[in-house]
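# A look at the structure
This is what each chain is made of:
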Amino acid sequence: MEKPNSNKREVPLTALKAGESGVVIIIRQGHIRRKHRRHGHIIHRSLVHGITRDSGFEKRLVDMGLTPGTKVTVVKAAPFHGPFEVLVRGSRLALGRGMAERILVEKE
Amino acid sequence: MNKKKLLIALAGNANVGKSVIFNHLTGLHQHIGNWPGKTVERAEGTLHFKGYTIDIVDLPGIYSLSTYSLEELVSRKYIAVERPDVVINVIDASVLERNLFFTLQLMELETPMVICLNQMDIAKSKGVQVDVKKLEQLLGIPVMPTVAVKGVGIAKLLEKAIETIEKKQAKPPQVTYGEEVEEKIGKIVEKMKNVHLVYPARYVGIKLLEGDEEIEREIQRINPQIVDAAKKLAGEIECIHGHCCSTVMTSERYEAAGCIARAAQKLVSPIKPTKVERLHNFTTHRVTGYLTLVFSLLLIFYSIFTFGDYTSGLLSDLLYALEPFFASVLGTGFVGQLLWGGAMEGLIAGITIVLPYIIPFYLILYFLENSGYLSRIAFLMDNIMHKIGLHGKAFIPMMLGFGCNVPACLGCRIMETQRERLLAAFVVTLVPCAATTVIILGLVGDYLGVHWALALYIVDFVIIFALGRLAFKVVPGEPTALIMEMHDYRWPHMKTILKQTWFRVAEFIKIAFPLIIVGSLALKLADVLGWLETIASVLSPVTVTWLGLPAITGITLIFGVLRKELSLVMLAALLAPTGLASMTPVQMIVFTLVAMLYIPCIATIAALFRDFGWKKSLFITVFEIAFAILVGGIAMRLLTLFM
Ligand SMILES: Nc1nc2c(ncn2[C@@H]2O[C@H](COP(=O)(O)OP(=O)(O)OP(=O)(O)O)[C@@H](O)[C@H]2O)c(=O)[nH]1
Ligand SMILES: [Mg+2]
């Protein structure tokens with residue numbers, strides 16, 4: 001699989017540890033999630049169903065304040081692959097892991 | 001001018017206090033709690049003030065006026081189509097930037113506005129000082145600071161709203177975007193000259209650039225060229241900025257909101273942030289968080305049981321002491337027997353079985369809801385909910401389901417997709433509501449011990465999980481991911497909790513008690529006339545042969561469809577004088593198990609029907625009846641091996 005970017009500081013939000021922050025660069029489209037799926041047919045299905053919905057979710061994230069250039073601080077992640085707790089623009093958000101994986105940030 | 005009708009809408013982000021204000025103004029009882037997404041449907045109420053008849057509308061809380069969710073679309077259309085005389089935009093003073101982002105979008109709809117700067121007390125304790133005059137000046141809209149829970153500023157807010165209407169203030173000022181964006185908006189507005197929509201032209205221009213589906217569809221019908229042109233213009237912006245056009249515009253709006261917020265607020269060091277913060281960290285921690293969750297659920301369970309059990313005994317001693325008195329007044333003839341054995345037994349059963357459990361139950365539930373714990377639970381349960389094809393937010397309607405399945409089913413609208421709403425609603429109908437709790441605690445808990453009651457709950461959770469998993473297989477699809485704001489913990493406002501509890505209990509007394517009395521009376525009459533046997537025997541293949549229950553339970557379970565606690569209350573009345581104690585332990589458990597699972601009550605079925613249509617609600621109902629009977633029969637056979 002291709003690397004998201006050659007720039008090492010550009011990482012998905014999930015790569016940040018508790019207490020670290022980053023600046024949002026871009027929210028990736030849904031199909032990047034393929035990497036995390038093992039079986040071919042599941043990839044296919046999520047792709048077909050995902051398109052309109054994913055772009056909706058991207059919009060929601062941006063509407064919640066995760067616009068490019070915004071500082072995000074990871075507070076913690078719930079165990080067993082659970083959601084992330086982040087601070088954005090003075091409020092506390094819970095973001096499912098699938099969502100957090102798609103937010104590319106530049107580590108501070 | 002007098003006697004004029006006015007329409008005022010309350011709009012704003014989730015959890016800012018719109019419903020508190022609505023309740024204050026109208027005296028109604030909209031649901032209040034400290035988590036986002038309580039109001040899922042627009043509520044209306046009226047108020048008379050200064051000779052006006054004012055309709056107040058409480059809209060669901062939203063973060064944006066796009067078409068991402070149904071609520072956003074509904075709220076936007078409402079404001080555009082109904083054109084309220086003024087929109088009161090309620091904002092949370094402690095999170096000014098995010099709230100102003102929404103304000104700026106509302107301004108684009110060009111309806112007259114007043115800003116209600118709410119939660120001033122919270123802002124103060126967080127160390128946020130807002131300069132009201134400055135904010136007013138920057139936005140060009142009147143601003144009124146309030147503390148809604150204490151009623152501070154509400155009257156002035158209303159006055160200001162009416163003043164704004166009377167002054168016929170010009171449309172609110174607009175955000176200006178970057179030069180290149182403004183130029184493109186101008187081009188679209190130019191083309192829109194002869195097109196008339198409910199939305200203002202500038203708004204349509206903005207939304208077309210953002211690729212808003214609803215507006216695109218409408219314009220497409222009128223003049224497809226405009227849509228094509230807008231798409232091209234949006235493409236140009238994308239080229240310049242390297243982000244999609246809607247992201248660019250959202251960023252600029254946030255930028256503007258941030259500027260205003262920074263200019264109007266002063267951050268002084270917070271007075272007491274640490275306590276709330278520490279509590280949050282403790283209750284969402286990977287170890288202590290889950291421990292707290294289990295521990296508090298157990299604590300709630302035991303305290304409700306202990307309180308209910310004790311009070312129930314006390315009340316029943318008290319009420320049964322009345323029997324000789326009644327006998328002497330009414331005599332022991334046919335009528336006396338009917339009145340005592342039917343109406344009074346039913347009433348006593350209702351009071352002693354139901355009230356002692358329901359009152360503490362609702363108190364605790366509302367306490368939790370108003371403290372802010374529910375959204376933490378949603379955070380902790382997210383991964384588990386993914387196993388049944390949902391995400392953490394679905395756990396909130398489930399928790400509400402413990403109180404009553406009906407609002408919980410409607411609450412499933414906080415889920416993003418129709419599929420998730422259906423799955424969540426199905427799971428919710430299996431959650432034991434307060435009425436079912438009455439059966440579990442009042443029968444099994446009371447007669448067999450609290451541990452059996454706890455075991456039944458655990459069995460129910462296992463069943464919920466298994467059936468949820470099954471439903472996930474039937475309605476497959478990737479669960480969407482969780483996006484939820486977690487609002488700070490706050491000490492619940494006691495008056496709100498007491499009011500909400502009282503409202504619930506009053507509703508119960510008004511609806512359930514007449515039903516209990518009439519139902520018990522009818523049953524007693526049928527009993528005295530000897531009809532009961534006949535009806536019961538029709539159902540006996542299921543109740544007696546398969547489930548091993550007393551024949552009479554068939555009838556009470558049917559009554560339970562109206563309200564679940566009826567099935568137990570009537571059973572108690574019918575089995576008097578020995579009462580429920582005449583059932584064997586196995587019968588008690590099987591009866592409770594069936595009552596717990598067999599059918600969502602009629603109000604829940606109606607709620608399902610409204611949101612999902614008759615096919616799906618009928619399917620769920622029939623499935624759950626069959627499933628309950630199946631499980632009950634199996635449980636009876638297994639239990640008789642041990643007990
Ligand atoms: N301390 C304090 N709490 C407030 C104030 N206003 C509202 N609250 C609390 O904030 C919470 C949310 O209030 P609601 O009125 O339910 O919020 P809403 O805007 O209707 O929320 P949704 O219906 O979910 O969009 C409740 O727990 C209220 O008790 C206030 O001025 N001060
Ligand atoms: Mg509300």
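The rules we used
Residues numbered from 1 in each chain as written. Chains lettered and ligands numbered in written order. Predicted model: local features only at pLDDT ≥ 70, side-chain atom pairs only at ≥ 80, totals over all residues. Heavy atoms only, no water. Helix = DSSP H or I, 4+ residues; strand = E, 2+ residues; numbered from the N terminus. Rg over C-alpha atoms; globule rule 2.2 N^0.38 Å. Buried < 20%, exposed > 50% of the residue type's maximum accessible area, 1.4 Å probe, protein only. Contact = heavy atoms within 4.5 Å. Areas by Shrake-Rupley, 256 points an atom, 1.4 Å probe, with all protein chains shown as cover. Donors = N, O, S within 2.8 Å, 3.2 Å for Na, K, Ca; no water. Buried area = accessible area lost by both parts, 1.4 Å probe. Salt bridge = Lys/Arg side-chain N within 4 Å of Asp/Glu carboxyl O. Pairing = 2+ DSSP bridges. Patch = residues over 30% accessible without salt bridge, like charges linked within 9 Å, V, L, I, M, F, W, Y side chains within 5 Å. Disulfide = S-S within 2.5 Å. Expected span 1.5 Å × (residues − 1). Domains from an automatic or database assignment. Polar contact = N/O pair within 3.5 Å; in protein donor to acceptor, adjacent residues only side chain to side chain. Nonpolar A, V, L, I, M, F, W, Y, C, P; charged D, E, K, R; others polar. Axes fitted to C-alpha atoms, helices over the stretch in contact; angles between N-to-C directions.

### Things to note about the overall build of chain B
- Looking only at helices and strands, chain B has 27 helices and nine strands in total.
- Relative to a compact globule of 643 residues, whose C-alpha radius of gyration would be 26 Å, chain B shows 28 Å and is just as compact.
- Dimensions of chain B along its principal axes, counting C-alpha atoms only, are 85 × 55 × 50 Å.
- Burial analysis of chain B (643 residues in total) assigns 58% to the buried set.
- Pairs at least 24 apart in sequence give 75% of the contacts found in chain B among residues at least 6 apart.
- Surface exposure of chain B reaches about 26,700 Å², of which carbon and sulfur atoms provide 66%.

### Some details on the coordination of the magnesium ion (ligand 2)
All names here are of chain B.
- Taken together, the protein ligands of the magnesium ion (ligand 2) are Ser 19 (OG) and Thr 39 (OG1), with distances of 2.0 Å. Here the residue Ser 19 occupies a position in helix α1 (residues 18-26), and Thr 39 occupies one in the loop between α1 and β2 (43-49), the gap between them amounting to 20 residues.
- Taking relative accessible area as the criterion, Thr 39 reaches 10% and is therefore assigned buried.

### Thoughts on the interface of chain A and chain B
- On the side of chain B, 38 residues touch chain A, which itself brings 37 residues to the contact.
- Summed over both partners, the interface of chain A with chain B buries about 3,500 Å², with 58% contributed by carbon and sulfur atoms.
- Together, A:Arg60, A:Arg89 and A:Arg92 form the three largest contributors to the area buried by chain A at its contact with chain B, with a combined 21%.
- Counting across the interface, chain A meets chain B through four salt bridges.
- Of the charged contacts, one joins A:Arg60 and B:Glu72 as a salt bridge, the two residues approaching to 2.7 Å between their closest N and O atoms.
- Those elements giving two or more residues to the side of chain A that touches chain B turn out to be β2 (21-27), α1 (40-63), β3 (71-77), β4 (84-88) and β5 (91-95) of chain A.
- Ranked by residue count, the leading element in the side of chain A that touches chain B is α1(A), at nine residues.
- Here three bridges tie β5(A) to strand β9 (residues 483-485) of chain B, and the two strands are oriented antiparallel to one another. Looking at the pairing, A:Leu93 lines up with B:Glu485 of β9(B).

### Observations regarding a nonpolar patch on the surface
- Together, B:Leu322, B:Phe325, B:Val329, B:Leu330, B:Phe334, B:Val335, B:Leu339, B:Leu525, B:Val528, B:Leu529, B:Trp531 and B:Ile535 make up an exposed nonpolar region whose accessible area comes to about 1,100 Å².
- Along the chain, the position of B:Phe325 falls in helix α14 (residues 323-330).

### So, the state of the cysteines
Residue and element names in this part refer to chain B.
- Taken as a whole and assessed by the stated rule, the structure comprises zero disulfides over all chains.
- In this structure Cys 239 is not part of a disulfide, and its nearest cysteine sulfur, from Cys 245, lies 11 Å away.
- Look at Cys 239 and you get exposed, because its relative accessible area is 69%.
- Here Cys 601 is not cross-linked by a disulfide; its sulfur's nearest cysteine counterpart is in Cys 433, at 6.4 Å.

### Considering helix α26 (residues 585-597) of chain B
All names here are of chain B.
- Helix length check: α26, at 13 residues, gives a terminal C-alpha distance of 19 Å against a target of 18 Å (1.5 Å per residue), a fit within 8%.
- Across the 13 residues that make up α26, a large majority, 12, are buried.
- Taken residue by residue, α26 has Val 586, Gln 587, Met 588, Ile 589, Val 590, Phe 591, Thr 592, Leu 593, Val 594, Ala 595, Met 596 and Leu 597 as its buried positions.

### Remarks on the domain arrangement of chain B
Residue and element names in this part refer to chain B.
- Per the domain assignment, the segments making up chain B are domain 1 (4-166), domain 2 (179-267) and domain 3 (273-643).
- Taken together, the two surfaces of domain 1 and domain 3 that pack against each other cover about 2,100 Å², and 53% of this comes from carbon and sulfur.
- The closest approach of N and O atoms between Glu 485 and Arg 98, which form a salt bridge, is 3.8 Å.
- Seen at the junction of domain 1 and domain 3, the total is 11 residue pairs in polar contact (both at pLDDT 80 or more).
- Broken down by class, the residue content of the side of domain 1 that touches domain 3 amounts to 10 nonpolar, eight polar and four charged.

### Comments concerning unusual backbone geometry
- In this structure, B:Lys50 takes a positive phi of about 50 degrees despite not being glycine.
- Considering the arrangement of structural elements, one finds B:Lys50 in the loop between β2 and β3 (52-58).

### A word on the sheet that holds β2(A)
- With respect to topology, seven strands assemble into an open sheet ordered β1(A)-β6(A)-β2(A)-β3(A)-β4(A)-β5(A)-β9(B), the strand pairing being antiparallel. In this open sheet, the two edge strands, each paired with only one partner strand, are β1 (10-12) of chain A together with β9 of chain B. On average, each strand axis in the sheet is tilted by 40 degrees relative to the strand beside it, whichever way the strands run.
- With five bridges connecting them, β4(A) and β5(A) associate as antiparallel partners. Paired with A:Glu85 across the strands is A:Ala94, a residue of β5(A).
- Against the sheet, helix α16 (residues 373-386) of chain B touches β4 and β5 of chain A together with β9 of chain B, its axis set at about 150 degrees to β9(B).

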